[in-house]
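Next come the chains, spelled out residue by residue.
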Amino acid sequence: MAPTNASVEDGKFRDMEKDTIELNGKQHMTTDYGIKISDPDHWLRVGNNSNTGPSLLEDQIAREKIMRFDHERIPERVVHARGTGAFGTFKLFESASDVTTAGVLTDTSRTTPLFLRFSTVQGSKGSADTVRDVRGFAVKMYTEEGNWDIVGNNIPVFFIQDAIKFPDIIHSVKPEPHNEVPQGQSAHNNFWDFVYMHSETTHMNYWQMSDRAIPRSYRMMQGFGVNTYSLINSEGKRHFVKFHFKPELGVHSLVWDEALKICGQDPDFHRKDLISAIEAGQFPRWKFGLQVLPEEKKDDFDFDPLDATKVWPEELIPIRYIGEMELNRNVDEFFPQTEQAAFCTSHIVPGIDFSDDPLLQGRNFSYFDTQISRLGPNWEELPVNRPVCPYMNLVNRDGAMKHRITKGTVNYWPNRFEANPPAKPEQGGFTSYPERTQGIKARLLSDKFAEHYNQAQVFYNSLSQIEKMHMAKAFSFELDHCDDPVVYKRMAERIATVSLELAQTVATNVGADTPTKALKANKGETAKGLSQLEYMPEKPTIATRRIAILIADGFDYASYNTMKEALTAQNAFVFTIGAQRQGVKSETGEKVVPDHFFSGMRSTLFDAVFVPGGKHIESLAKNGVAKFWITESFAHLKPIAGINEAVPFIGRQIGLDEVHVAASGTTVTESYGVVTGHGNGSALKVSNVGPDSKGLAE
Ligand code: HDE
């Protein structure tokens, strides 16, 4: 199949169509070399009706089937193995032509197709989605000038400053070498040993211990390019830049108890969340922003802007939001479109350039290299990875699994035909920024890289009390899982560089000596944009929030149905959870077939719960699972709503008298995220059930 030169108007969809086929139900099954198969279920063997007999190696059909299967797996990514992705588009609403010539950042009439892969870092391909971890946020934009990859994370800083340390940090966090434990966790001796040994990890480590590392949904996370890149404008002037993505739905997290439970209850929770939102047409969107810094101002700060363990404070360098990204199409097949998707920090387009960020410089080597071992040298030719603009290079050819066939008699440049000539800058040819540079050859970082605690303090100081409480629990959980006293004792002490109070709480919980003095003065400085509570949705919404309605035989159909319709009208994902899936009968005889039965789901997999009134309360009150649903929802501070007979039932499960309201007329009461009502079903206004009273829970 010829690779496409589809124009951008055709988008990536049209491009991949050339390699996409429908599973044709009517077409006969064939071998991969095309002959029709008469029996795919029995190996050719010598035998008879009473004697099966030996299998024949001769059976080319059986051999092909088994051999294909034997080689189905490719190496998983050495980090970020667990992930999922979707296609979408990028649109610019404001040109950044003052700082760059890149078409994707200057042409407001364009729609640029893209692919985004979210991931966790530590776990294997089959690990759970909701582990405590950094999330990858890798965007591939198929621009008219070639592919531009922003291989980012949901946390704006990184653990280390020099790429040469990457194998160390990853070895330390991955399962330990002697027993391959633990999976999907950083809660073990080696990781925390590394953190102690490298004070440069401190800032990122605090983000990792914050609620950012247990997101509610991929759709509710920020994305950051992390590294410092350059933008070059038409005058050839350079600005340093950091890239930002801000979710329309706001930033929301699970609470730790939920995250832990969901790991077992639904390890695919985040995958399914993304897929179902896109399937329902509820496309997640992010504002795209730039922080730009004129080159000559690089040395104006007490940190080095090329140090990836530091954020650029928004007070000093505001974010300029200029575009919007939307995810609007699920993949058709996971392996070719997500597993084989491969990103490269070195994929930039004219108008964008690198910086001397020492982490980025190393990454620029590593990504291409790792794709060669994972996918082979022709990985850029795979449908999901290839550009949508014309591409041709007569020298880069051959290698395993070469797919494209290029006619012609020369494969070198220059050649007597002047075939495949390079492009001059005015023809769109990429030119590197002519950076002036000089120095001695040495293994060094600039002096400002040596400061490691200031921004960790500012981050911690900027969190709300609730976030700080969560962080104390997170540190305590992690260090409690370290059984080498050297590790947890030293770490508890180290925390006193950021907060003595935090260090004391953690030390008490994990059995370390209680630190008595702060190892570094904390002046209480705060900054904006760090606490995730600053990122609430622009418009409050319950769209795509998962809401459970609990029913058993004898429920009140009117209040059930009124609530269900009202929630559905606001695009919430409503699920009826019944005593049995065979069907549940209402007081008035209506039969509802629930989406799940009580023990098939758990409260942790939903954002809110509603219990209609009716006689069914008598059986709910005797059902441990239904009762625990309410108790657990309350413990996780989820909105709980009930009406009429459901009100005292809910009150009993959560031990709160306040939810008992006068039983006359139509009233709605809210208390601790619990909404109760009396009267007909419409008494419960959906707005009372909106997010997000969560956050207080542990
Ligand atoms: Fe990566 N990283 N990384 N990384 N990274 C990989 O490339 C590496 C770093 C990130 O969905 C690998 O294709 C080095 C920072 C994401 O396919 C590998 C260094 C950030 C993904 C690699 C870093 C990231 C990767 C493994 C230190 C946030 C998943 C598979 C200098 C800005 C991409 C692969 C996907 C994947 C190397 C640090 C994000 C080995 C050497 C900082 C989102 O090449």
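Small disclaimer: the values here were computed from a predicted structure and weren't measured. (Residues numbered from 1 in each chain as written. Predicted model: local features only at pLDDT ≥ 70, side-chain atom pairs only at ≥ 80, totals over all residues.)

**A few points about the overall build of the chain**
Turning to step 1, where the next piece is worked out: Helix and strand counts for the chain stand at 17 helices and 19 strands.
Turning to step 2, where the next piece is worked out: On C-alpha atoms alone, the chain measures out to a radius of gyration of 29 Å, which is about the 26 Å that the 2.2 N^0.38 rule sets for 698 residues.
Turning to step 3, where the next piece is worked out: Reported as C-alpha extents along the three principal axes, the dimensions of the chain are approximately 95 × 85 × 55 Å.
Turning to step 4, where the next piece is worked out: Per-residue burial over the chain gives 43% buried out of 698 residues.
Turning to step 5, where the next piece is worked out: Counted over contacts in the chain with a minimum sequence separation of 6, partners at least 24 positions apart contribute 72%. (Helix = DSSP H or I, 4+ residues; strand = E, 2+ residues; numbered from the N terminus. Rg over C-alpha atoms; globule rule 2.2 N^0.38 Å. Buried ≥ 20, exposed ≤ 12 C-beta atoms within 10 Å, placed from the backbone. Contact = placed C-beta atoms within 7 Å.)

**Overview of the domain arrangement of the chain**
Turning to step 1, where the next piece is worked out: As assigned here, the chain comprises domain 1 (83-371), domain 2 (451-534) and domain 3 (546-689).
Turning to step 2, where the next piece is worked out: Summarising the inter-unit geometry, the C-alpha centres of domain 1 and domain 3 are found 39 Å apart.
Turning to step 3, where the next piece is worked out: Between domain 1 and domain 3, the residue contacts involve 10 residues of the former and six residues of the latter.
Turning to step 4, where the next piece is worked out: Mapped by element, the contributors of at least two residues to the side of domain 1 that touches domain 3 are α6 (256-265) and α7 (269-279). (Domains from an automatic or database assignment.)

**A few points about the site of the ligand**
Turning to step 1, where the next piece is worked out: Surveying the vicinity of the ligand reveals 27 residues, the closest of which are His 80, Gly 136, Ala 163, Val 226 and Ser 366.
Turning to step 2, where the next piece is worked out: Sorting the residues of the shell around the ligand by element identifies β2 (111-120), β3 (135-143), β4 (146-153) and α9 (358-375) as the ones contributing at least two each.
Turning to step 3, where the next piece is worked out: Sort the elements by how many residues they give to the shell around the ligand and α9 lands first, with seven residues. (Near = placed C-beta within 6 Å.)

**Quick look at the UniProt feature "domain: Catalase core" (unreviewed entry) in the chain**
Turning to step 1, where the next piece is worked out: According to UniProt, the feature "domain: Catalase core" (unreviewed entry) maps to residues 30-421 in the numbering used here.
Turning to step 2, where the next piece is worked out: Within the segment residues 30-421, helix and strand shares are 20% and 19% respectively, and the terminal C-alpha atoms sit 44 Å apart. (UniProt positions renumbered as here; feature names shortened; annotations may be inferred.)

**Observations regarding the UniProt feature "active site" (unreviewed entry) in the chain**
Turning to step 1, where the next piece is worked out: Here the UniProt-annotated "active site" (unreviewed entry) positions come out as His 80 and Asn 153. On the basis of their most widely separated C-alpha atoms, the annotated residues across 74 residues gather in one place, lying no more than 10.5 Å apart.
Turning to step 2, where the next piece is worked out: Relative to the assigned elements, His 80 resides in the loop between α2 (60-70) and β1 (83-92).
Turning to step 3, where the next piece is worked out: Since 23 C-beta atoms lie within 10 Å of it, His 80 is described here as buried.
Turning to step 4, where the next piece is worked out: Ignoring anything within four residues of it in the chain, the contact list for His 80 reads Ser 119, Val 121 and Gly 136.
Turning to step 5, where the next piece is worked out: Tracing the backbone through its elements, the reader meets Asn 153 in strand β4.
Turning to step 6, where the next piece is worked out: Setting aside chain neighbours within four positions, we find Asn 153 in contact with Val 134, Arg 135, Gly 136, Phe 137, Phe 224 and Val 226.

**Concerning the pairing of β3**
Turning to step 1, where the next piece is worked out: Among the nine residues that make up β3, nine are buried, leaving the element largely enclosed by the rest of the structure.
Turning to step 2, where the next piece is worked out: In β3, alternate side chains face the same way, and those of Arg 135, Phe 137, Val 139, Met 141 and Thr 143 on one face and Gly 136, Ala 138, Lys 140 and Tyr 142 on the other are all buried.
Turning to step 3, where the next piece is worked out: Relative to β3, β2 is paired through seven bridges, and the arrangement is antiparallel. Residue Ser 119 lies in a different strand from β3, and its bridge partner there is Gly 136. (Pairing = 2+ DSSP bridges.)

**A word on helix α13 (residues 500-510)**
Turning to step 1, where the next piece is worked out: Looking at α13, one finds that the buried residues are Leu 502, Ala 503, Thr 505, Val 506, Ala 507 and Val 510.
Turning to step 2, where the next piece is worked out: In the segment just after α13, Gly 511 is the residue with positive phi, at about 85°.

**Section: the packing of helix α11 (residues 465-480) against α13**
Turning to step 1, where the next piece is worked out: As a packed pair, α11 and α13 sit with axes 9 Å apart at the nearest point and diverge in direction by 40°. It follows that α11 is oblique to α13 by the angle criterion. Pair α11 / α13 crosses with right-handed handedness. Touching Ala 472, Phe 475, Ser 476, Leu 479 and Asp 480 of α11 are Leu 502, Thr 505, Val 506, Asn 509 and Val 510, all from α13. (Axes fitted to C-alpha atoms, helices over the stretch in contact; angles between N-to-C directions. Parallel < 35°, antiparallel > 145°, perpendicular 65-115°, else oblique. Left-handed = near helix turned anticlockwise from the far one by under 90°.)

**A look at the nonpolar core**
Turning to step 1, where the next piece is worked out: Membership of the largest hydrophobic core comes to 110 residues, with the highest contact counts inside it found for Leu 114, Leu 479, Ala 492, Ile 495 and Val 506.
Turning to step 2, where the next piece is worked out: When residues of this core are assigned to domains, at least three map to each of domain 1 (83-371) and domain 2 (451-534).
Turning to step 3, where the next piece is worked out: Apart from residues no more than four positions distant in its own chain, Leu 479 is found in contact with Trp 192, Tyr 488, Met 491, Ala 492, Val 506 and Val 510.
Turning to step 4, where the next piece is worked out: Among the nonpolar cores identified, the runner-up in size contains 39 residues, and Leu 550, Met 563, Ile 617 and Leu 620 belong to it. (Core = buried A, V, L, I, M, F, W, Y, C linked by C-beta atoms within 7 Å.)

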